[in-house]
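An overview of the molecular structure
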Amino acid sequence: MASASGDQATRLYHPNPELQKNAHVKSIEDYKKLYDQSINEPEVFWSKIAEQFYFKTPPTEGKFLEYNFNVNDGPVFVKWFQGATTNVCYNVLDRHVENGLGDRIAFYWEGNDPDDSSKVTYGQLLKGVCKFANVLKQHGVKKGDRVAIYMPMIPELVIAMLACARIGAMHSIVFGGFSSDSLSGRMLDAKSSILITADGVYRGTKLVNLKQISDEAVTLCKKQDFTVEKVFVVRHLGSAEASSNGDRSSPVAKRPCYSLTTDFHEGRDVWWHDVMEGASDKCEPVWLDAEDPLFMLYTSGSTGTPKGVVHSQMGYLLYAATTFKYSFDHHKDDIYWCTADIGWITGHTYVCYGPMANGATSVMFEGAPLYPDESRCWQIVDKYNITILYTAPTLIRTLMKYGEAPVKKYSRKSLRVLATVGEPINPEAWLFYYNVIGDGRCSISDTFWQTETGGHTLTPLPGATPMKPGSATFPFFGIAPAVVNEKGEELEGVCEGYLVFKQPWPGVMRTVYGDHERYESTYFRQFPGYYKTGDGCKRDEDGYYWITGRIDDMFNVSGHLLSTAEIESSLIEHSKIAEAAAVAYPHPTKGEACYAFVTLIEGAEFNDKLILELKKQVRSKIGPFAAPEVIHNAPGLPKTRSGKIMRRVLRKIAVNDHDLGDVSTMADSTVVDILFENRPKEL
Ligand code: WT7
């Protein structure tokens with residue numbers, strides 16, 4: 001693994017001229033023109049984009065945007081396109097079918113097993129969605145109801161969510177890796193009396209019995225006096241006969257069959273294929289106000305229970321569609337693959353709504369990226385000739401551990417745009433993505449955004465923006481960023497502080513479900529007049545934005561504000577380090593000190609020499625004050641199922657506190673036991 005030498009990591013990477021030629025935005029000057037219009041004349045900018053979508057009733061004159069971002073001036077609210085009525089499902093399905101695109105493939109479905117695949121067109125999806133929308137209606141689901149969805153990455157998941165959207169019910173998708181506790185907690189908060197699930201799913205070699213977990217969640221709800229009325233169950237792993245009733249021709253017979261270990265509850269549980277069989281494939285959409293809620297999705301808060309982030313109809317759709325088109329430079333012949341699960345916001349916006357609003361053809365992947373081996377991703381890229389790939393830095397770093405060989409085994413020549421999301425991408429990983437995976441030919445879109453923002457907020461545009469490894473570069477259209485200090489004063493020029501947004505964009509969340517006060521206090525109270533991202537940020541001499549990590553991951557060593565991300569990034573530059581996580585830890589004289597966990601590359605040895613080298617590296621890279629006090633050998637790091645390092649847990653390990661709090665989102669808890677066991681001896 002090559003080290004990110006100063007030159008490589010700091011130079012500017014210009015878009016490939018070949019890519020630039022056909023790009024939607026071809027130069028940084030063109031980007032600036034469009035950007036300025038989006039900020040100075042938002043009505044002109046967004047109204048033009050809105051023209052391609054269908055409104056049953058057009059927006060009311062003069063009611064394009066009303067909002068208040070200042071808590072001191074009364075309740076915070078954001079309203080776009082008031083008076084308009086529309087339907088998001090109609091816009092992502094019927095609109096394309098009516099334009100003659102019914103036979104276009106919406107999803108190539110790639111199963112966990114490399115021999116298991118299928119495909120589904122826009123026309124087929126529309127029929128499936130209408131059928132399931134009718135099923136939901138027959139079971140009493142109506143506008144405004146919250147429907148919980150706990151499913152694997154299969155086309156029925158998209159059908160379920162769009163069926164909700166068609167009738168104005170809010171879907172509340174819970175990632176299929178959450179526990180029964182987390183599922184029931186979310187169902188209780190949202191009062192979801194309908195649950196849609198599947199029998200089970202294989203991820204790699206691991207079987208997840210979704211139905212059993214769903215049953216447990218329903219029982220937990222019951223204990224809180226809440227009755228789940230109906231559980232719809234897709235037979236995904238069951239017998240071939242049963243699934244042949246469904247809309248897609250699924251090679252289910254190839255899947256390892258397993259029989260349900262849980263009972264089927266008569267009257268409550270309903271097989272998906274049974275109810276779909278008799279349902280009509282015509283269903284008039286419910287026409288909804290532009291500001292009616294589309295869905296809710298839970299995201300963890302730094303304190304308390306998860307927050308149900310609520311997104312709107314038209315604003316969210318416009319923003320998902322526009323960011324997808326420009327950040328990835330999507331064209332109609334592209335084959336696009338986002339590796340995220342639909343259970344996260346990345347999957348909502350960039351597996352379902354954004355691509356489908358653009359009539360895109362995507363790959364939907366059910367499996368695990370390292371199964372059956374570490375070249376699976378590149379096998380998939382070549383199989384479908386993928387042109388746009390969207391994934392997370394954590395996966396890139398994991399793949400780096402195996403070196404270049406598994407990547408080079410496949411040609412990857414179709415790739416044009418590579419994108420990342422989820423956390424700051426360290427220059428090492430960026431350069432591996434760019435040089436090794438992309439063969440130095442592709443643009444990299446490092447997209448900074450949040451569950452709350454609905455879509456990308458800072459990102460390069462592939463044909464326009466000169467890239468700097470590790471920087472999310474510039475704001476997307478409609479985003480007005482500012483960097484503020486503790487007092488909420490805007491900083492000018494080169495600076496470091498808190499990243500905030502000054503005005504609403506169409507995709508911003510509208511409220512926290514059932515708790516508008518929490519919306520205001522979390523995002524708007526600390527810096528009145530601004531939306532607070534909760535991230536630290538630097539702006540450099542060229543105006544590029546560099547996310548330094550969550551503010552709650554910031555710490556102060558002897559008066560120096562440090563971010564975990566910058567320490568980690570310098571540790572990872574060491575050739576023996578695959579992954580690093582830094583946390584703050586109380587220190588008698590410095591206030592806080594840095595405690596670093598490091599995962600070594602295969603075959604490397606952890607010893608005193610390495611510890612010294614690592615401390616020296618951070619010292620020379622950032623400054624003596626930043627050198628970690630403790631370096632802890634971590635064969636694995638505690639991560640959420642979406643791959644985020646759980647620094648909260650690491651902080652506990654650093655102080656030898658075994659009271660870890662809620663760890664229901666942790667992917668593999670055995671790594672924690674190992675870390676407690678091998679705490680450095682001097683502590
Ligand atoms: C937090 C939001 C948005 C989809 C996935 C995560 C971090 C996200 C980047 C990036 C640096 C990033 C931020 C943000 N983050 N993308 N490109 N560079 N940091 O959604 O769970 O709501 O997390 O992820 O800290 O606040 P989320």
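Residues numbered from 1 in each chain as written. Predicted model: local features only at pLDDT ≥ 70, side-chain atom pairs only at ≥ 80, totals over all residues. Heavy atoms only, no water.

Some words on the overall build of the protein chain
Helix and strand content of the protein chain: 22 helices and 31 strands. Here the protein chain has a C-alpha radius of gyration of 24 Å; the compact-globule value for 683 residues is 26 Å, and the two agree. A separation threshold of at least 6 residues defines the contact pool for the protein chain, and within that pool the share at least 24 residues apart is 73%. Of the roughly 25600 Å² of accessible surface on the protein chain, a fraction of 49% belongs to carbon and sulfur atoms. Distance between charge centroids for the protein chain: 1 Å, based on 72 positive and 84 negative side chains. (Helix = DSSP H or I, 4+ residues; strand = E, 2+ residues; numbered from the N terminus. Rg over C-alpha atoms; globule rule 2.2 N^0.38 Å. Contact = heavy atoms within 4.5 Å. Areas by Shrake-Rupley, 256 points an atom, 1.4 Å probe, with all protein chains shown as cover. Lys, Arg positive; Asp, Glu negative; His and termini not counted. Charge placed at Lys NZ, Arg CZ, Asp CG, Glu CD.)

Examining the site of the ligand
As a structural note, the neighbourhood of the ligand is formed by 17 residues, with Asp 446, Thr 447, Thr 451, Asp 535 and Arg 550 the closest of them. Contact between the ligand and Phe 448: a nitrogen atom at 3.5 Å from a main-chain N or O atom of the residue. One of the side-chain nitrogen or oxygen atoms of Gln 450 is found 2.9 Å away from an oxygen atom of the ligand. For the ligand, the accessible surface in isolation is 550 Å², of which the surrounding protein chains cover 89%. Residue composition of the shell around the ligand, grouped by class: six nonpolar, five polar and six charged. (Near = heavy atom within 4 Å. Polar contact = N/O pair within 3.5 Å; in protein donor to acceptor, adjacent residues only side chain to side chain. Nonpolar A, V, L, I, M, F, W, Y, C, P; charged D, E, K, R; others polar.)

Focus on the nonpolar core
With 147 residues, the main nonpolar core has Phe 81, Leu 93, Phe 132, Leu 162, Tyr 353 and Met 356 as its most contacted residues. If one sorts the elements of this core by residue count, helix α7 (residues 155-167) sits on top with 10 residues. Residue contacts for Leu 162: discarding those within four places in its chain leaves Cys 89, Val 92, Leu 93, Val 129, Cys 352, Tyr 353 and Met 356. In terms of nonpolar packing, the next biggest core, distinct from the first, is built from 31 residues, Phe 365, Tyr 384, Leu 399 and Ile 444 among them. (Core = buried A, V, L, I, M, F, W, Y, C linked by side-chain atoms within 4.5 Å. Buried < 20%, exposed > 50% of the residue type's maximum accessible area, 1.4 Å probe, protein only.)

Section: the sheet that holds strand β25 (residues 531-539)
Read across the open sheet, the four strands follow the order β22-β23-β25-β26; overall the sheet is antiparallel. Both edges of this open sheet fall to β22 (481-484) and β26 (545-550), since each of them pairs with a single strand only. The sheet shows a mean angle of 45 degrees between the axes of neighbouring strands, direction not considered. In terms of strand pairing, β25 meets β26 through five bridges, oriented antiparallel. From the neighbouring strand, Asp 535 faces β26, where its bridge partner is Arg 550. (Pairing = 2+ DSSP bridges. Axes fitted to C-alpha atoms, helices over the stretch in contact; angles between N-to-C directions.)

Quick notes on the sheet that holds strand β21 (residues 443-446)
Spatially, seven strands are ordered β6-β5-β18-β17-β19-β20-β21 in an open sheet, and the strand pairing comes out mixed. Since the sheet does not close on itself, it has two edges, and those belong to β6 (117-121) and β21, each with one partner. Mean inter-strand twist for the sheet, computed between neighbouring axes without regard to direction, equals 20 degrees. Docked against the sheet, helix α17 (residues 427-437) engages β19 (388-391), β20 (417-420) and β21, running at close to 160 degrees with respect to β20.

Points about α17
Most of α17 is tucked away: 10 of the 11 residues are buried. Looking at α17, one finds that the buried residues are Pro 427, Glu 428, Ala 429, Trp 430, Leu 431, Phe 432, Tyr 433, Tyr 434, Val 436 and Ile 437. The positive-phi residue at the C-terminal boundary of α17 is Asp 439, with phi of around 50 degrees.

Some remarks on unusual backbone geometry
Following Tyr 371, the chain continues to Pro 372 via a peptide bond in cis, the omega torsion being -5 degrees. If you trace the backbone, Pro 372 turns up in the loop between β18 (361-365) and α14 (376-384). Even without a glycine there, the phi angle at Thr 473 is positive, about 60 degrees. Locating Thr 473 in the fold gives a position in the loop between β21 and β22. A positive phi angle, near 60 degrees, is found at Asn 656, a position not held by glycine. On the accessibility criterion, Asn 656 (38% relative accessible area) is partly exposed.

Some points on the confidence of the model for the protein chain
Fine structural detail should not be taken from predicted coordinates in areas where pLDDT scores are low. For the protein chain, per-residue confidence averages 91 on the pLDDT scale, and residues scoring 70 or more make up 93% of the total. In this model, residues 240-253 is a region of pLDDT below 50 whose contacts with residues beyond four sequence positions or in other chains number 27 contacts. Taken together, the chains of this predicted complex give a pTM of 0.85 and an interface ipTM of 0.99. (pLDDT = per-residue confidence, 0-100.)

As for the side chain of Thr 323
Along the chain, Thr 323 falls in helix α12 (residues 314-327). Reaching out from Thr 323, the side chain makes a polar contact with the backbone oxygen of Tyr 319 at a distance of 2.6 Å. Looking at Thr 323, its side chain comes within polar contact range of the side chain of Tyr 350, at 2.6 Å. Not counting residues within four places of it along the chain, the set of residues in contact with Thr 323 comprises Phe 328, Tyr 350, His 456 and Phe 476.

Quick word on the packing of helix α5 (residues 88-101) against α7
The contact between α5 and α7 brings their axes to 7 Å, and the two run at 120 degrees. Relative to α7, the element α5 lies oblique. Mapping the contact onto sequence places Cys 89, Tyr 90, Val 92, Leu 93 and Asp 94 in α5 and Leu 162, Ala 165 and Arg 166 in α7. Looking at the contact of α5 with α7, its residues break down into six nonpolar, no polar and two charged. (Parallel < 35°, antiparallel > 145°, perpendicular 65-115°, else oblique.)

Some remarks on the packing of helix α21 (residues 647-654) against helix α22 (residues 670-677)
Axis separation between α21 and α22 bottoms out at 10 Å; the angle between their running directions is 25 degrees. Overall, the two elements α21 and α22 adopt an arrangement that is roughly parallel. Crossing angle aside, the handedness with which α21 passes α22 is right-handed. For the pair formed by α21 and α22, the contact residues are Val 649, Leu 650, Lys 652 and Ile 653 on the first element and Val 672, Leu 675 and Phe 676 on the second. Of the residues assigned to the contact of α21 with α22, the class counts are six nonpolar, no polar and one charged. (Left-handed = near helix turned anticlockwise from the far one by under 90°.)

Notes on the environment of Ser 312
For Ser 312, the location among the structural elements is in strand β16 (residues 307-312). Residue class for Ser 312 comes out buried when judged on its relative accessible area of 1%. In this structure the C-alpha to C-alpha distance between Ser 312 and Thr 511, which are 199 residues apart in sequence, comes to 9.6 Å. Not counting the four nearest positions on each side in its chain, Ser 312 is found in contact with Ala 290, Glu 291, Asp 292, Pro 293, Leu 294, Pro 506 and Arg 510. Within the structure, Ser 312 has its side chain in polar contact with the side chain of Arg 510 (distance 3.2 Å).

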